[in-house]
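A structural walkthrough
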Amino acid sequence: ELLPMKKLITAASLLIASVGGSAAVNVPKYDVAAGKAIAESVCGACHGVDGVSTVPAQPNLGGQNVKYLYKQLTNFKEGARVNPIMAAQVAKLTDQDMANVAGYYASQPRWGVAYVNPAYAAAGQKLFYGGNSSRGVIPCAGCHGGKGNGNDFAAFPRIGGQHPAYIATQLKLFRAAGREDEVADPSQVRHNDAAKKGEKGMMQVVASKLSDNDIKVLSDYISGLH
């Protein structure tokens, strides 16, 4: 039986300041029409022109937080977030181009909804809303919201309904960054949640405490949130 939602939401009511945060993200004024042209020529093959990806390894982008999208694009270009494919795609984009495409995808309807595997629902819900205090795991809902809609002001992404395979991969990349001081292959870690280089951001800290099973049940549960 799933835990009472009110109780779980209460457990997830954390102050963002208590777990740290990213530097402010300022998105240049953007042109949605210009962003659509970039999406059609550069991004659509993987993420869909409307922001709905048909490939589980590639994230849905439609209706995503514009600050988050712009930050990820700039991080890929600067190398703060490592992905050879994305680095190649953004290499020729200007800051204005990245703002335009971020604004375009943010303006699109939110992606569709997946369904939670009943076998994982209770465990996933408990971690998402209540965390695990004995292991120092804070609730995901504290930053990403009770329905996984994210936080536009803080540039925390919408994750509800996202592909579970993509969510799992990102949690594992953050976990690797949080557990290791040095990793030979930078593409196997993700540390662009930190406000300053060399610091551990909140996602690294949280993910470092997750087991493989935690990631499995969380990814499945989050994919069904709407």
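See the structure printed just above.
The present account deals with the structure reproduced in this document. (Residues numbered from 1 in each chain as written. Predicted model: local features only at pLDDT ≥ 70, side-chain atom pairs only at ≥ 80, totals over all residues. Heavy atoms only, no water.)

**Here's the deal with helix α5 (residues 95-107)**
Look at α5: 18 Å from first C-alpha to last across 13 residues, which is about the 18 Å you get at 1.5 Å a residue. Among all positions of α5, only Met98, Ala99, Asn100, Val101, Ala102, Gly103, Tyr104 and Tyr105 are buried. As for α5, its buried residues are in contact with α2 (32-47) and α3 (66-78). (Helix = DSSP H or I, 4+ residues; strand = E, 2+ residues; numbered from the N terminus. Expected span 1.5 Å × (residues − 1). Buried < 20%, exposed > 50% of the residue type's maximum accessible area, 1.4 Å probe, protein only. Contact = heavy atoms within 4.5 Å.)

**Some thoughts on the nonpolar core**
If you look at the biggest cluster of nonpolar residues, it comprises 20 residues, and the most contacted ones within it are Tyr70, Leu73, Val90, Val101, Ala102 and Tyr105. Contributing elements (two or more residues each) for this core: α2, α3, α4 (84-90) and α5. A total of six residues in this core trace back to one element, the largest contributor, which is α5. Grouped together as the second largest cluster of nonpolar side chains are 17 residues, Ala141, Leu210, Leu218 and Tyr221 included. (Core = buried A, V, L, I, M, F, W, Y, C linked by side-chain atoms within 4.5 Å.)

**Looking at the pattern of salt bridges**
Applying the stated criterion across every chain yields a total of two salt bridges. As a salt-bridge pair, Arg135 and Asp214 come within 2.7 Å of each other at their nearest N and O atoms. Within this pair, whereas Arg135 is found in the loop between α6 (118-130) and α7 (141-144), its partner Asp214 is found in helix α10 (residues 212-223), the two being separated by 79 residues in sequence. When its relative accessible area of 34% is taken as the criterion, Arg135 is described as partly exposed. Look at Asp214 and you get buried, because its relative accessible area is 6%. (Salt bridge = Lys/Arg side-chain N within 4 Å of Asp/Glu carboxyl O.)

**Looking at the packing of aromatic side chains**
If you walk through the whole model with that rule in mind, you get four aromatic pairs. Where Phe128 meets Tyr129, the ring centres are 4.9 Å apart and the plane angle is 80°; that geometry is what we call edge-to-face. By relative accessible area, Phe128 is classed as buried at 0%. When the ring of Tyr129 is compared with that of Tyr221, the centres are 6.2 Å apart and the planes differ by 80°; the resulting orientation is edge-to-face. Here Tyr221 lies in helix α10 and Tyr129 lies in helix α6, a separation of 92 residues in the sequence. Like Tyr129, the residue Tyr221 is buried in the burial classification. Through successive ring pairs, a cluster of aromatic residues spans Phe128, Tyr129 and Tyr221. (Phe/Tyr/Trp six-rings, centres within 6.5 Å; stacked < 30°, edge-to-face > 60°.)

**Considering the environment of Gln108**
Structurally, the position occupied by Gln108 is in the loop between α5 and α6. You can call Gln108 buried: its relative accessible area is 19%. Non-local contacts of Gln108, meaning those with residues more than four positions away in its chain, are made with Asp50, Gly62 and Gly63. There is a polar contact of 3.4 Å between the side chain of Gln108 and the side chain of Ser107. (Polar contact = N/O pair within 3.5 Å; in protein donor to acceptor, adjacent residues only side chain to side chain.)

**Considering the packing of α2 against α5**
The contact between α2 and α5 brings their axes to 8 Å, and the two run at 80°. It follows from the interaxial angle that α2 and α5 lie roughly perpendicular. In contact with Val32, Ala34, Gly35, Lys36, Ile38, Ala39, Cys43, Gly44 and His47 of α2, α5 contributes Asp97, Asn100, Val101, Gly103, Tyr104, Tyr105 and Ser107. Here the residues of the contact of α2 with α5 sort into eight nonpolar, six polar and two charged. (Axes fitted to C-alpha atoms, helices over the stretch in contact; angles between N-to-C directions. Parallel < 35°, antiparallel > 145°, perpendicular 65-115°, else oblique. Nonpolar A, V, L, I, M, F, W, Y, C, P; charged D, E, K, R; others polar.)

**A word on helix α8 (residues 164-179)**
Between its first and last C-alpha, α8 extends 22 Å over 16 residues, near the 22 Å set by a 1.5 Å rise per residue. Every buried residue of α8 is listed here: Tyr166, Ile167, Ala168, Gln170, Leu171, Leu173, Phe174, Arg175, Ala177 and Gly178. Contacts made by the buried residues of α8 are with α9 (202-207) and α10.

**Brief notes about unusual backbone geometry**
Unlike most non-glycine residues, Ala155 shows phi in positive territory, near 65°. Structurally, the position occupied by Ala155 is in the loop between α7 and α8. The buried category is assigned to Ala155, whose relative accessible area is 9%.

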